[in-house]
Amino acid sequence: GYSSAPLQLGPRWFGGSNSFLFRADGAGGVLLHRATGANANFVYMNAHREMLPNGITFGGDLDSRHFGLWLEDSLDTGRAEETCSTYDLSHSLASSAGFAVDHVEVWAVCEGARNPWLAAGGEEEGGGATSDAHKETREFLALAGREVNRAQALEPFREEEE
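Described in the following lines is the structure provided in the data block.

What counts and how
Residues numbered from 1 in each chain as written. Predicted model: local features only at pLDDT ≥ 70, side-chain atom pairs only at ≥ 80, totals over all residues. Heavy atoms only, no water. Core = buried A, V, L, I, M, F, W, Y, C linked by side-chain atoms within 4.5 Å. Buried < 20%, exposed > 50% of the residue type's maximum accessible area, 1.4 Å probe, protein only. Contact = heavy atoms within 4.5 Å. Phe/Tyr/Trp six-rings, centres within 6.5 Å; stacked < 30°, edge-to-face > 60°. Helix = DSSP H or I, 4+ residues; strand = E, 2+ residues; numbered from the N terminus. Pairing = 2+ DSSP bridges. Axes fitted to C-alpha atoms, helices over the stretch in contact; angles between N-to-C directions. Polar contact = N/O pair within 3.5 Å; in protein donor to acceptor, adjacent residues only side chain to side chain. Patch = residues over 30% accessible without salt bridge, like charges linked within 9 Å, V, L, I, M, F, W, Y side chains within 5 Å. Areas by Shrake-Rupley, 256 points an atom, 1.4 Å probe, with all protein chains shown as cover. Salt bridge = Lys/Arg side-chain N within 4 Å of Asp/Glu carboxyl O.

Thoughts on the nonpolar core
So, point 1. Core analysis: the largest hydrophobic core is formed by 19 residues, its most contacted members being L21, V43, I56, F58 and Y87.
So, point 2. Setting aside anything within four residues of it in sequence, one finds L21 in contact with G1, L31, L32, H33, F58, G68, L69, Y87, L89 and L93.

Examining the packing of aromatic side chains
So, point 1. Summed over the entire model, instances satisfying the criterion amount to three aromatic pairs.
So, point 2. Their ring planes at 25 degrees and their centres at 5.0 Å tell us that Y2 and F20 sit as a pair that is stacked. Placement of Y2 in the segment before β1 (10-14) and of F20 in strand β2 (residues 20-24) is noted, with a sequence separation of 18 residues between them.
So, point 3. For Y2, a relative accessible area of 36% puts it in the partly exposed group.
So, point 4. On the numbers, 5.5 Å between centres and 50 degrees between planes, the contact of W13 with Y44 is tilted. Taken together, the positions of W13 in strand β1 and Y44 in strand β4 (residues 43-46) put the pair 31 residues apart, joining distant regions of the chain.

A few points about the sheet that holds strand β5 (residues 55-61)
So, point 1. On the basis of which strands lie adjacent, the open sheet formed by six strands has the order β1-β4-β5-β6-β7-β8 and antiparallel pairing. Sheet topology places β1 and β8 (98-100) at the edges, where each strand pairs with a single neighbour. Strand after strand, the sheet turns through a mean of 20 degrees between neighbouring axes, direction not considered.
So, point 2. For β1 and β4, the ladder comprises three bridges, and the chain directions are antiparallel. Residue pairing across strands places W13 opposite Y44, the latter belonging to β4.

What to know about the environment of G60
So, point 1. Following the sequence through the fold, G60 ends up in strand β5.
So, point 2. G60 sits in the buried class, given a relative accessible area of 3%.
So, point 3. Sequence separation between G60 and V43 is 17 residues, and the spatial gap between their C-alpha atoms is 9.0 Å.
So, point 4. What G60 contacts, discounting residues up to four positions off in sequence, is W13, N39, N41, H66, F67, C84 and T86.

Focus on the side chain of H33
So, point 1. Topologically, H33 is positioned in strand β3 (residues 30-34).
So, point 2. Of note is the side chain of H33, whose polar atom sits 3.0 Å from the backbone oxygen of D88.
So, point 3. Setting aside chain neighbours within four positions, we find H33 in contact with F20, L21, F22, R23, Y87, D88, L89 and L93.

Details of a nonpolar patch on the surface
So, point 1. Judged by side-chain polarity, Y2, F22, V30 and L32 come together as a nonpolar surface patch covering roughly 360 Å² of accessible area.
So, point 2. If you trace the backbone, V30 turns up in strand β3.
So, point 3. Classification of V30 as exposed rests on a relative accessible area of 53%.

Some remarks on the side chain of N46
So, point 1. Tracing the chain through its elements places N46 in strand β4.
So, point 2. In this structure the side chain of N46 is engaged in a polar contact, spanning 2.8 Å, whose partner is the side chain of Y44.

Observations concerning unusual backbone geometry
So, point 1. The phi dihedral of H48 falls on the positive side, at around 65 degrees, and the residue is not glycine.
So, point 2. Summarising the element assignment, H48 is placed in the loop between β4 and β5.
So, point 3. H48 sits in the exposed class, given a relative accessible area of 75%.

A short note on the pattern of salt bridges
So, point 1. Using the criterion set out here, one finds one salt bridge in the structure.
So, point 2. Salt-bridge contacts for R79 lead to E81; the nearest nitrogen and oxygen are separated by 2.8 Å.
So, point 3. Here R79 falls in the partly exposed class, since its relative accessible area comes to 35%.

Bear in mind that shape data such as this cannot, by itself, settle questions of function.
Listed below in structure tokens is the structure:
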């Protein structure tokens, strides 16, 4: 999936109508599944909650646990439903509703990003997934308990005071 907003750890939906799901079409191309406008449940990412799903989700409904795409917080398993009110899915993104995850890639794309491998001897200042500009990428990796190259504690979610 593609999130039109940086990943945000917490029990709320985020992103916008430019978010989408995609899959390979089997002929070397990609099929896009764009937002329908039926709701604003574009992307959700949560961890360490007993009553809410933990992982990253694209589209669907938290109450029914019916999602266009859901990756469990361990990143070992996932679920893809045949239909999703948030995204225009004609059929599931996977060959079965529940699946084992083989590989996950997380990319942070932003304006003005610099190639960290251009400078001799390592990463340019301000570039790469371990820079401060890509905190959401590190949060996603930490959510899965994966090693991050630069140690930085994940800040816990704080409820907004009303």
